[in-house]
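Coordinate inspection notes
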Amino acid sequence: MITDPASAIKREVLQLIDLQIETLRRDSSLNSSELLDYKARSERIRSLYAELDRIGRTRVAFKFPRAS
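So, here is what we can say about the structure in this document. (Residues numbered from 1 in each chain as written. Predicted model: local features only at pLDDT ≥ 70, side-chain atom pairs only at ≥ 80, totals over all residues. Heavy atoms only, no water.)

In this section: the environment of Leu19. One can find Leu19 in helix α1 (residues 5–25). It is 8.5 Å that separates the C-alpha atoms of Leu19 and Arg41, two residues lying 22 residues apart in sequence. (Helix = DSSP H or I, 4+ residues; strand = E, 2+ residues; numbered from the N terminus.)

Attention shifts here to the pattern of salt bridges. Considering all chains together, one arrives at five salt bridges under this definition. Residue Arg26 is joined to Glu34 by a salt bridge in which the shortest nitrogen-to-oxygen separation is 2.8 Å. Taking relative accessible area as the criterion, Arg26 reaches 39% and is therefore assigned partly exposed. Notably, a salt bridge pairs Glu51 with Arg54, separated by 2.5 Å at the nearest N-O pair. Of this pair, Glu51 and Arg54 both sit in helix α2 (residues 32–63), three residues apart, which is roughly one turn of the helix. (Salt bridge = Lys/Arg side-chain N within 4 Å of Asp/Glu carboxyl O. Buried < 20%, exposed > 50% of the residue type's maximum accessible area, 1.4 Å probe, protein only.)

Given below as structure tokens:
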């Protein structure tokens, strides 16, 4: 089964966001390892959104090529 790259990215983003929410709901403070994990997930979310943006722009450019 072929998966649309954007769908796979969106699924990963949702999973990462769920982990971020779980982390923030904890009653205790984060230890240094947990804080590093939280920051790494944040960076991964940012990069995935950038990739989704690139995919979206490519699709729009493909649908509406510029007249030269």
